[in-house]
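Fold and contact review
Residues per chain are reported as follows:
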Number of protein chains: 2
Amino acid sequence: MSDYLNDLGYLSSGSQLRRIYEKLQVAGDKVYSQAGIDFKSSWFPIYHVLAKSKRSLTIMEITNQISFSHITVNNVIKELLKKGLVQIKSNPGDGRSKLISLSTKGFELLDVLEPVWLLFSDELKSIFEISDILLMELMKEVNVRLEEEPLDKRVLQKYFNYSVRNAKPNEFKEIGDIMVDVYSSLKGFPDKDEQPEYYKMLSNVGELTKTKGIEILVAISKQEKIGGAVVFFNDMKDYGSGGSATKELEACGFRLLAVDSKLRGQGLGKMLTNACIEKGRKGKYKKLVIHTTKAMKIAWTMYEDLGFQRAEDLDFMQGELPVFGFRLEVS
Amino acid sequence: MSDYLNDLGYLSSGSQLRRIYEKLQVAGDKVYSQAGIDFKSSWFPIYHVLAKSKRSLTIMEITNQISFSHITVNNVIKELLKKGLVQIKSNPGDGRSKLISLSTKGFELLDVLEPVWLLFSDELKSIFEISDILLMELMKEVNVRLEEEPLDKRVLQKYFNYSVRNAKPNEFKEIGDIMVDVYSSLKGFPDKDEQPEYYKMLSNVGELTKTKGIEILVAISKQEKIGGAVVFFNDMKDYGSGGSATKELEACGFRLLAVDSKLRGQGLGKMLTNACIEKGRKGKYKKLVIHTTKAMKIAWTMYEDLGFQRAEDLDFMQGELPVFGFRLEVS
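Small disclaimer: the values here were computed from a predicted structure and weren't measured.

1. A look at the overall build of chain A
Counting its regular elements, chain A contains 12 helices and 10 strands. Computed over the C-alpha atoms, the radius of gyration of chain A is 27 Å, more than 25% above the 20 Å expected from 2.2 N^0.38 for a compact globule of 331 residues. Counting only C-alpha atoms, chain A reaches 80 × 55 × 35 Å along its principal axes. Evaluated residue by residue, chain A yields a buried proportion of 53% over its 331 residues. Nonlocal contacts in chain A, meaning residues at least 24 apart in sequence, comprise 59% of its contacts between residues at least 6 apart.

2. Examining the relation of the copies chain B and chain A
Superposition of chain B onto chain A requires a rotation of 180 degrees combined with a translation of 0.0 Å along the rotation axis, giving an RMSD of 0.2 Å. Here the transformation between the copies is reduced to the relation of a two-fold axis. Of the C-alpha atoms belonging to chain B, the one lying closest to the rotation axis is found on Leu17 of chain B, 3.0 Å away. Of all interface residues in chain B, 100% are interface residues in chain A too; the two copies therefore contact each other through one and the same surface.

3. Considering the state of the cysteines
Residue and element names in this part refer to chain A. Here the structure, examined in full by the defined rule, presents zero disulfides over all chains. Among the cysteines around Cys252, which has no disulfide bond, Cys276 carries the closest sulfur, lying 8.0 Å off. Residue Cys252 is classed as buried on the basis of its relative accessible area, which comes to 0%. Look at Cys276 and you get buried, because its relative accessible area is 0%.

4. Some words on helix H12 (residues 297-305) of chain A
Residue and element names in this part refer to chain A. Looking only at H12, the buried set comprises Ala299, Trp300, Met302 and Tyr303. Down the axis of H12, the smallest arc covering the buried residues is 165 degrees, so these residues share one side. Those residues of H12 that are exposed and aimed more than 90 degrees away from the buried face are Lys297, Ile298 and Asp305. The secondary structure elements touched by the buried residues of H12 are strand S6 (251-259), helix H11 (268-282), strand S7 (287-292), strand S8 (309-310) and strand S10 (321-329). Following H12 by one or two positions, Gly307 has its phi on the positive side, about 100 degrees.

5. Some points on the interface of chain B and chain A
The interface of chain B with chain A comprises 80 residues on the first partner and 80 residues on the second. Between chain B and chain A, the buried area comes to about 8,600 Å², and carbon and sulfur atoms account for 69% of it. Area buried by chain B at its contact with chain A is led by Tyr4, Tyr10 and Gln34 of chain B, which between them contribute 10% of it. Linking chain B to chain A there are six salt bridges. The salt bridge partner of Arg154 of chain A is Glu123 of chain B, with a shortest N-O separation of 3.6 Å. At the junction of chain B and chain A, the tally comes to 24 residue pairs in polar contact (both at pLDDT 80 or more).

6. Side note on the nonpolar core
With 233 residues, the main nonpolar core has Phe128 and Tyr183 of chain A together with Phe128 and Tyr183 of chain B as its most contacted residues. Not counting chain neighbours up to four residues away, the residues in contact with Tyr183 of chain B comprise Phe189, Tyr198, Tyr199, Leu202, Leu256, Leu257, Ala258 and Met296 of chain B.

7. Section: the environment of Val142 of chain B
For Val142 of chain B, the location among the structural elements is in helix H7 (residues 135-148). Put simply, Val142 of chain B and Glu312 of chain B are 170 residues apart on the chain and 46 Å apart in space, counted from C-alpha to C-alpha. For Val142 of chain B, the residues in contact, after removing those within four places along its chain, are Ile20, Ile127, Phe128, Ile130 and Leu135 of chain A.

8. Here's the deal with the pattern of salt bridges
Proximity of charged atoms lets side chains of opposite charge pair with each other. Residue and element names in this part refer to chain A. Evaluated as defined, the whole model comprises 44 salt bridges over all chains. With its nearest N and O atoms 2.8 Å apart, the salt bridge here joins Arg165 to Glu171. Relative accessible area serves as the criterion here: at 8%, Glu171 is assigned to the buried category. Residue Glu248 pairs with Arg327 through a salt bridge whose shortest N-O separation is 2.4 Å. Placement of Glu248 in the loop between strand S5 (226-233) and S6 and of Arg327 in strand S10 is noted, with a sequence separation of 79 residues between them. It is possible to trace a salt-bridge network through shared partners that takes in Arg165, Lys168, Glu171 and Glu224.

9. Some points on the domain arrangement of chain A
Note: interface size is frequently given as the accessible area lost on complex formation between the parts. As assigned here, chain A comprises domain 1 (4-148) and domain 2 (161-329). Using C-alpha coordinates to define each centre, domain 1 of chain A is positioned 45 Å away from domain 2 of chain A.

10. Regarding the UniProt feature "domain: N-acetyltransferase" (unreviewed entry) in chain A
As annotated by UniProt and renumbered to match this structure, "domain: N-acetyltransferase" (unreviewed entry) occupies residues 162-331 of chain A. In the segment residues 162-331 of chain A, helix accounts for 26% and strand for 28%; the C-alpha atoms at its two ends are 27 Å apart.

11. Side note on the packing of aromatic side chains
This model, assessed by the stated rule, comprises 40 aromatic pairs over all chains. Where Tyr303 of chain A meets Phe308 of chain A, the ring centres are 5.5 Å apart and the plane angle is 65 degrees; that geometry is what we call edge-to-face. Aromatic side chains Tyr183 of chain B and Phe189 of chain B sit 5.5 Å apart centroid to centroid with 55 degrees between the ring planes, which places their arrangement in the tilted category. For the pair formed by Tyr183 of chain B and Phe189 of chain B, the shared burial category is buried. Of the aromatic side chains, those joined through ring pairs into one cluster are Tyr32, Phe39, Trp43, Phe44, Tyr47, Trp117 and Phe120 of chain A. Of note, Lys294 of chain A hangs over the ring of Phe324 of chain A, and the distance from its end group to the ring centre comes to 5.1 Å.

12. So, unusual backbone geometry
Residue and element names in this part refer to chain B. Positive phi values are uncommon outside glycine, yet Glu250 reaches one of about 50 degrees. Mapping Glu250 onto the fold places it in the loop between strand S5 (226-233) and strand S6 (251-259). Look at Glu250 and you get exposed, because its relative accessible area is 51%. If you check the backbone angles, Leu256 has positive phi at about 60 degrees while not being a glycine. Within the secondary structure layout, Leu256 lies in strand S6. Judged by its relative accessible area of 5%, Leu256 falls in the buried class.

13. Section: helix H2 (residues 13-34) of chain A
An α-helical segment advances 3.6 residues per turn. Residues three or four places apart therefore align on the same side. End to end, H2 of chain A covers 32 Å across 22 residues, agreeing with the expected 32 Å (1.5 Å per residue, within 8%). Phi turns positive one or two residues past the end of H2 of chain A, at Gly36 of chain A, with a value near 70 degrees.

Thresholds, definitions, all that
- Residues numbered from 1 in each chain as written.
- Chains lettered and ligands numbered in written order.
- Predicted model: local features only at pLDDT ≥ 70, side-chain atom pairs only at ≥ 80, totals over all residues.
- Heavy atoms only, no water.
- Helix = DSSP H or I, 4+ residues; strand = E, 2+ residues; numbered from the N terminus.
- Rg over C-alpha atoms; globule rule 2.2 N^0.38 Å.
- Buried < 20%, exposed > 50% of the residue type's maximum accessible area, 1.4 Å probe, protein only.
- Contact = heavy atoms within 4.5 Å.
- Least-squares fit on C-alpha atoms with pLDDT ≥ 70 in both.
- Disulfide = S-S within 2.5 Å.
- Arc of directions from axis to C-beta.
- Buried area = accessible area lost by both parts, 1.4 Å probe.
- Salt bridge = Lys/Arg side-chain N within 4 Å of Asp/Glu carboxyl O.
- Polar contact = N/O pair within 3.5 Å; in protein donor to acceptor, adjacent residues only side chain to side chain.
- Core = buried A, V, L, I, M, F, W, Y, C linked by side-chain atoms within 4.5 Å.
- Domains from an automatic or database assignment.
- UniProt positions renumbered as here; feature names shortened; annotations may be inferred.
- Phe/Tyr/Trp six-rings, centres within 6.5 Å; stacked < 30°, edge-to-face > 60°.
- Lys NZ or Arg CZ within 6 Å of the ring centre and 35° of its normal.
- Expected span 1.5 Å × (residues − 1).

See below:
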């Protein structure tokens, strides 16, 4: 039999999954409805986890157990709550999360559901068991692969194919806009009203390159889309920080690393940092100096992963904001 | 790695499909969004069919090509129309259906989408290709199996496990209600206002069994749920129709076959008919006589499939309604 989707090969894998899932879901709902059981196929895995758990669970625990998205689990819990099948209590261990368990009504339903599930299980086996190949094991493996590295990351890396080069003057304005956007939305970082001069500097970041020895590097896509930028200082006297960093000898540094908020998770920050490290190595410096703040958690972790060492002697206060120094040996 | 769903075996196949599909859909939408392409993963198969078709297509044609549900295709077409990616024209060959094709804007988008699809295809291959087992072929086979016999039908047959027996007096009222419900909702069949006496007879169908030789058979589930019923006449003089049927010799007959509208498609009508045929055979009759109307299309086809022959000599008018006779040899 000709099958349009199968002819499309791997590109249709999502659509093929969907049409099968759709048929199973519709069939499941028909069975529950005709058997007079007030239950939905889409509730199954979440209800099952709760029914078999010996204690209350958080949304996150359910999500982790079945590898569903947080939003799907959340929506199903809402539907179960509406039907009185679950009860939700506040979590004494964590104010932000809730503890979910089946209600008495929810547990009573289990006696009705289990005989039906046995019938489903038999029929699904006869549908999914194809020769001696374990389709179920293959699906498990596919899920693991998707958990390990999301498909969007894989595709976007190739689609954008970002690389780093020096920024062109006509790109300075957009780079400034990205920096303002990134820094102003950092939680715990001073906003425009608190440090207007700082934001003015960000907005006109291109001006810095008028000083010989200051460069702006951009992460630029195949499509010439700016993904992020960083300011590199060949001479620490221009670094412009508080503290003793500007007196650092045989050192280069970078500041104002920013990645377009819509492009997070694609490794652009790391790519820009590595480009700076590379410049440091080629420039025969002994060390690369940077600063960060507590608000920049992702960057902080990345710097540590790349081998940067905390340098308390470089710490300073920017207004009321503590700024923390790091060094990396590059010689 | 422990996997809650995998531990549930085949029962979790739907949930396993869903979590994979969910990840692919979210990833696809992220890629389109970040690449600045106004497109959604869920549109893919329908858009693709339209883009590659050399002519306009009906919803039904699209549905058949990709084996998606009618409702899903319909919803996606609505979204594509909203975005101006398709155009819809009335179908000169069939007033009830519409002809759908990509708009100029829709075709222009294809040039943007195709390079991205190539990247998706490569990545999906690396995810779905597991050793030399063709997961895609297995999914195709699963879809074919679900198309051939819907899962709900398989499960419900075993869940209800319907059989036929004589109705008990305490079931007469419910049988009457089912008959009124079925006949009053038949399109083209007289309603209560037009033939009040007929509906009164249906409602009190149990009364008929006071006449020796008239029996009511019910399709009854394992749970003692009534799925449908039929009135069997051992003596045609009691048959109560117009025309010459009541004078038929060496014949038995049945009338008022009705199946609960919520239980359609499970073969209950056929089961009741076969029970009547069986009674006819055991009762040493030569023929089984029935009547039906144009409004009862499904029944008409079933009777023909079971070997009933049209008998024009048994036709009659019930008020303004033409009623058509059939005979089946049972000796």
